[in-house]
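Structural overview for review
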Amino acid sequence: MPNDAGSIYRTKKWKALRLQVLAQEPTCHWCHKAPATQVDHIVELAAGGEPYDRSNLVSSCAKCNARRGGAYGARRKKEMAKTGESAKTAPNLFEQPNSVQ
């Protein structure tokens, strides 16, 4: 599997799965109002979520997806501050052993 989250989204597998999720769920899973334009991982990749597991994916509008991503980033930053971990010493949380592309 690619070792950074951005490269996951450039694979043919991701693009096909994204289209499938958006076709099955055209309305945002989180706000139940806005049209879905993005696909969101329920369990973030950095927290161990599987990137291509359909049960870990929901449709999302851009606003809800950004809000959830920002909230996760803030929680992660707070956790790193408590442990004295820095972005340079933190493990690469996007590496997922035994993943299939």
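Residues numbered from 1 in each chain as written. Predicted model: local features only at pLDDT ≥ 70, side-chain atom pairs only at ≥ 80, totals over all residues. Heavy atoms only, no water.

Thoughts on the overall build of the protein chain
Across its full length, the protein chain carries three helices and two strands. When the helices and strands of the protein chain are read in sequence order from the N terminus, they spell out α-α-β-β-α. Expressed as a percentage of its 101 residues, the buried residues of the protein chain come to 35%. For the protein chain, contacts bridging at least 24 residues in sequence account for 60% of all contacts bridging at least 6. Here the protein chain has roughly 6,500 Å² of accessible surface; of this, 57% comes from carbon and sulfur atoms. (Helix = DSSP H or I, 4+ residues; strand = E, 2+ residues; numbered from the N terminus. Buried < 20%, exposed > 50% of the residue type's maximum accessible area, 1.4 Å probe, protein only. Contact = heavy atoms within 4.5 Å. Areas by Shrake-Rupley, 256 points an atom, 1.4 Å probe, with all protein chains shown as cover.)

Concerning the environment of Leu45
Relative to the assigned elements, Leu45 resides in the loop between β1 (38–41) and β2 (57–60). Relative accessible area serves as the criterion here: at 6%, Leu45 is assigned to the buried category. Put simply, Leu45 and Asn56 are eleven residues apart on the chain and 9.9 Å apart in space, counted from C-alpha to C-alpha.

Section: helix α3 (residues 62–83)
Taking 1.5 Å of rise per residue, the 22 residues of α3 would be expected to cover 32 Å, and the 32 Å separating its terminal C-alpha atoms lies within 8% of that figure. Inspection of α3 places Cys64, Asn65, Arg68, Tyr72, Arg76 and Met80 among the buried residues, and these make up the whole buried set. In an axial view of α3, the angular spread of the buried residues amounts to 140 degrees, which keeps them on one side of the axis. Turned more than 90 degrees from where α3 packs its buried face, Lys63, Ala66, Lys77, Lys78, Ala81 and Lys82 sit exposed. In the core, the buried residues of α3 are packed alongside β1 and β2. A positive backbone phi angle near 80 degrees is found at Gly84, which sits one or two residues after α3. (Expected span 1.5 Å × (residues − 1). Arc of directions from axis to C-beta.)

Some remarks on the side chain of Ser59
Within the secondary structure, Ser59 is located in strand β2. Of note is the side chain of Ser59, whose polar atom sits 2.9 Å from the backbone oxygen of Glu25. Setting aside residues up to four positions removed in sequence, Ser59 forms contacts with Val21, Leu22, Glu25, Thr27, Cys28, His29, Trp30, Ala36 and Gln38. (Polar contact = N/O pair within 3.5 Å; in protein donor to acceptor, adjacent residues only side chain to side chain.)

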